[in-house]
Amino acid sequence: MKKSSITILGGILCMAAVLAACGETAETGNYTALEITSSGSAETVEELEAESVTATGEPEIVTIYYGSSMGKELSTEEVEVPRKTPETIIGELRKKNIVSVDTKVNDFTISEDKEKLTLDLSAGFRDYLKTMEEGSEAVIMAALTNSFLAAYDAQEMVVTINGQRLETKNRVYEEGLRFVDMLD
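Residues numbered from 1 in each chain as written. Predicted model: local features only at pLDDT ≥ 70, side-chain atom pairs only at ≥ 80, totals over all residues. Heavy atoms only, no water.

S.K.: Would you mind going over the packing of helix α3 (residues 86-95) against helix α5 (residues 134-152) with me for this structure?
M.R.: The geometry of a pair of packed helices is captured by two quantities: the angle between their axes and the separation between those axes. Their axes nearest at 11 Å, the elements α3 and α5 cross at an angle of 140°. One finds that α3 runs oblique with respect to α5. Once α3 is placed against α5, the crossing between them reads as right-handed. Listed contacts from α5 to Pro86, Ile89, Ile90 and Leu93 of α3 are Ala143, Leu144, Ser147, Phe148, Ala151 and Tyr152. When grouped by side-chain class, the residues that make up the contact of α3 with α5 number nine nonpolar, one polar and no charged. (Axes fitted to C-alpha atoms, helices over the stretch in contact; angles between N-to-C directions. Helix = DSSP H or I, 4+ residues; strand = E, 2+ residues; numbered from the N terminus. Parallel < 35°, antiparallel > 145°, perpendicular 65-115°, else oblique. Left-handed = near helix turned anticlockwise from the far one by under 90°. Contact = heavy atoms within 4.5 Å. Nonpolar A, V, L, I, M, F, W, Y, C, P; charged D, E, K, R; others polar.)

Below, the structure written as structure tokens:
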């Protein structure tokens, strides 16, 4: 009995070591895609994010939106992040159960006029939304949208999944999403 317990424990430790060595942390991104604008210029997300770091390197405050106990309202919390990135915002939303633990940022772009955001997420987010009733999905989408629009001072956001439009059991998200004050 003791030998089998040691063998199982050894196997678990080996698997944990392999996963830790190969894995990617939740806060690191894989988004180096260029956004080609109508003027022909290209900006990487890293260049845009470099602008968000304060001159002193101090942490930044980001407003995170999440569902309230009242159902049709969103609550907010100002959180301090070391650096404003799509991954840190998703990480903070994860703490409020707005996104699933397996939601990853595939790509993130800001239009040249800084009015429109495009956020491409992993399929885990779509699968999470597919488990929701219409009202819960509306809260999640409003919280996600409001958090990003507030963080980047933008007017509209398009959410895609692995480069394709987001489609759930309740809705197809073909158009850009705007800031939501109150849910219907």
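That shown, we press on.
S.K.: Looking at this structure, how should I read the nonpolar core?
M.R.: In summary, soluble globular proteins display a tendency toward joint burial of nonpolar side chains. Counting 40 residues, the largest nonpolar core has Leu93, Leu117, Leu121, Phe125, Leu144, Phe148 and Val159 as the members making the most contacts within it. Contributing elements (two or more residues each) for this core: β3 (60-67), β4 (74-81), α3, β5 (105-110), β6 (116-121), α4 (123-129), α5 and β7 (156-161). Residue contributions to this core peak at ten residues, all from α5. Excluding residues within four positions of it along the chain, leucine 93 makes contact with Ile64, Tyr65, Ile98, Val99, Ala143, Leu144, Ser147 and Phe148. (Core = buried A, V, L, I, M, F, W, Y, C linked by side-chain atoms within 4.5 Å. Buried < 20%, exposed > 50% of the residue type's maximum accessible area, 1.4 Å probe, protein only.)

S.K.: How do you make sense of the sheet that holds strand β9 (residues 172-173) when you look at a structure like this?
M.R.: Remark on secondary structure: sheet strands pair via backbone hydrogen bonds, oriented parallel or antiparallel. Sheet architecture is open: five strands sit in the order β5-β6-β7-β8-β9, paired in mixed fashion. Here the strands that pair on one side only, and so sit at the sheet edges, are β5 and β9. Where β6 meets β7, six bridges bridge the pair, whose relative direction is parallel. For threonine 118, the partnering residue across the bridge sits in β7 and is valine 158. Those strands touched by α5 are β5, β6, β7, β8 (164-167) and β9, and its axis lies near 125° from that of β7. (Pairing = 2+ DSSP bridges.)

S.K.: Explain the side chain of serine 147 to me, please; I cannot follow it from the model alone.
M.R.: Along the polypeptide, serine 147 turns up in helix α5. Classification of serine 147 by relative accessible area gives buried; the value is 0%. Within the local environment of serine 147, its side chain forms a polar contact with the backbone oxygen of alanine 143, the two atoms lying 2.8 Å apart. Leaving out residues up to four positions away in the same chain, serine 147 has contacts with Thr63, Ile64, Tyr65, Ile89 and Leu93. (Polar contact = N/O pair within 3.5 Å; in protein donor to acceptor, adjacent residues only side chain to side chain.)

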